[in-house]
Amino acid sequence: MDETDVPMDERAAGEPLPVHRAVDQGTARLLPDTDRPRAWLLTIDDAPQSYVDLGDPAHLEFEYVRRIAHVLDCAAAPGAPLDALHLGGGAMTLPRYLAAARTGSRQEVVEADRALLGLVAEHLPLPPGGGIEVRAEDALTALRDRPPQSVDVLVADVFAGSRIPAHLTTLAYARAAAGALRPDGVYVANLADTAPFGFLRSQVAGLRTVFGEDPGRVCLIAEPAVLRGRRFGNTVLAASRTGLPVERLARLAAGDPFPARVVHGGALERLAGDAHPVQESGATPSPRPPEGSFTVG
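In this text, all values refer to a predicted model and were calculated from it rather than measured experimentally. Within every chain, residues take consecutive numbers counted from 1 along the sequence as written. For a predicted model such as this one, the threshold for reporting local features is a pLDDT of at least 70, and the threshold for listing and counting side-chain atom pairs is 80 or more; totals across whole chains, interfaces and linings nevertheless cover every residue. Excluded from the side-chain calculations are hydrogens and water; all other atoms, namely the structure's heavy atoms, are used.

**Re the pattern of salt bridges**
Consideration 1: Any Lys or Arg side-chain nitrogen found within 4 Å of a carboxyl oxygen on Asp or Glu counts as a salt bridge. By the definition in use, this model includes 18 salt bridges.
Consideration 2: With a shortest N-O distance of 3.4 Å, R67 and E223 are connected by a salt bridge. With R67 in helix α1 (residues 63-73) and E223 in the loop between β10 (218-222) and α7 (224-227), this pair connects stretches of sequence that are 156 residues apart.
Consideration 3: Throughout this description, buried means an accessible area under 20% of the type-specific maximum (1.4 Å probe, protein chains only), exposed means over 50%, and partly exposed covers the range between. Given the relative accessible area of 3%, R67 is considered buried.
Consideration 4: As a salt-bridge pair, D83 and R182 come within 3.1 Å of each other at their nearest N and O atoms. Placement of D83 in strand β5 (residues 83-87) and of R182 in strand β9 (residues 181-193) is noted, with a sequence separation of 99 residues between them. Here a helix means four or more residues in a row that DSSP labels H or I, a strand means two or more in a row labelled E, and each is numbered from the N terminus.

**Structural notes on the layout of surface pockets**
It is the rolling of a water-molecule-sized probe over the atoms that shows where space remains empty.
Consideration 1: Looking at the largest pocket, its volume works out to about 780 Å³.
Consideration 2: What lines the largest pocket is a set of 47 residues, among which Q49, Y64, D157, F159 and N190 lie closest to the centre.
Consideration 3: Taken together, the elements giving at least two residues each to the lining of the largest pocket come down to β4 (47-53), α1, β5, α2 (93-101), β6 (106-111), β8 (151-156) and β9.
Consideration 4: Among the elements that take part in the lining of the largest pocket, β4 stands out by supplying five residues, more than any other. Within this scheme a cavity is a closed region of a 1 Å grid, computed over the protein atoms alone, that accommodates a 1.4 Å probe without allowing it to escape, whereas a pocket is open but has protein on both sides within 12 Å along at least five of seven lines; lining residues each have an atom within 4 Å of a point. Grid points are joined across faces, edges and corners, and a volume is the space filled by probe spheres set on the points.

**Some details on the pairing of strand β11 (residues 233-239)**
Consideration 1: Counting buried positions along β11 yields six of seven residues, so the element is predominantly enclosed.
Consideration 2: Relative to β11, β9 runs antiparallel, the two being bridged by seven bridges. Bridging from a neighbouring strand, D193 pairs with G233 of β11.
Consideration 3: Strand pairing is assigned whenever DSSP identifies at least 2 bridges connecting the two strands. One ladder, built from four bridges, connects β10 with β11; its direction is antiparallel.

**Observations regarding the sheet that holds strand β7 (residues 132-136)**
Adjacent strands of a sheet pair through backbone hydrogen bonds, lying either parallel or antiparallel.
Consideration 1: Taken in spatial order, the eight strands line up as β7-β6-β5-β8-β9-β11-β10-β12 in an open sheet, and their pairing is mixed. The two strands at the open ends of the sheet, each matched to only one other strand, are β7 and β12 (261-263). Within this sheet the neighbouring strands show an average axis-to-axis angle of 15°, counted without direction.
Consideration 2: As judged from the five bridges shared by β8 and β9, these two strands associate in the parallel manner. Following the sheet pairing, V155 is matched in β9 by V188. To obtain each axis, a line is fitted to C-alpha atoms, and for helices this fit is confined to the stretch in contact; angles are then taken between N-to-C directions over 0 to 180 degrees.

**Notes on the sheet that holds β4**
Consideration 1: On the basis of which strands lie adjacent, the open sheet formed by four strands has the order β1-β2-β3-β4 and antiparallel pairing. Edge positions in the open sheet fall to β1 (19-23) and β4, since each of these has one partner strand only. Going from strand to strand, the sheet's axes swing by 20° on average, the running direction of each strand aside.
Consideration 2: The pairing of strand β3 (residues 39-44) with β4 spans six bridges and is classified as antiparallel. The residue of β4 that forms the bridge with L42 is S50.
Consideration 3: Note on contacts: a residue pair is in contact if any heavy atoms of the two residues lie within 4.5 Å. Each of β1, β2 (26-32) and β3 is contacted by helix α3 (residues 114-123), which is oriented at about 155° to β1, the strand it contacts most.

In structure tokens form, the structure reads like this:
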């Protein structure tokens, strides 16, 4: 066993060691955060994927993860348990957060990269009794096998490398996601794009087609610099048939260290413009990030 792939409980006392391992989608690295004793950054091919603090699951380092957490915080009364489906697992940051914030929640995590799941289970194990079930499976396959109206929240954060797979960008996928949600359920996804937002606009169009075009049923959360097209970046897209608490989400997003805006109603309709939902016959992966957008040394 390589010295960089030693289980944490077998290491000598002292600074934790980075972990390097080949996984299904590339080379994964677990990098310790020297400022937080039990915190780790997961990268795949040097692109950041997850940040986990084993001692404090409420600490959310990535801004887009914090914005998804805002949506989850607004999905039910404070502390009320939720039935959640996570498409894409990484290091399980949001399942850990939800288990801590809403005790008694039942969560299922679907991750296609079996080797990555093994790495995370070995080095960053989930807390016992947390109500989190993990499966290695394609996201769309798992979604279609899910009983209708069986979850309160569905979190989509699926990337093959740095791009969302084509089959998870379509109108058929959006309909499958909506079908798994209870009538008042909430869908939330991590997307990445830049001006002129061809991909993002198509995803907005797809969710508006499925969840409805009434104001508040679909909203977008993003930093102003991304919305203005100044840089490539993450955006969070959320939807609910019964409407989202957009004013509360706006307050939460504005209070973050890197404030974000919530785009909804007429502003979201103008952003979508004449975009159409993606059909399966024309589906392509999400845009490739410009060189160096998300890499770490």
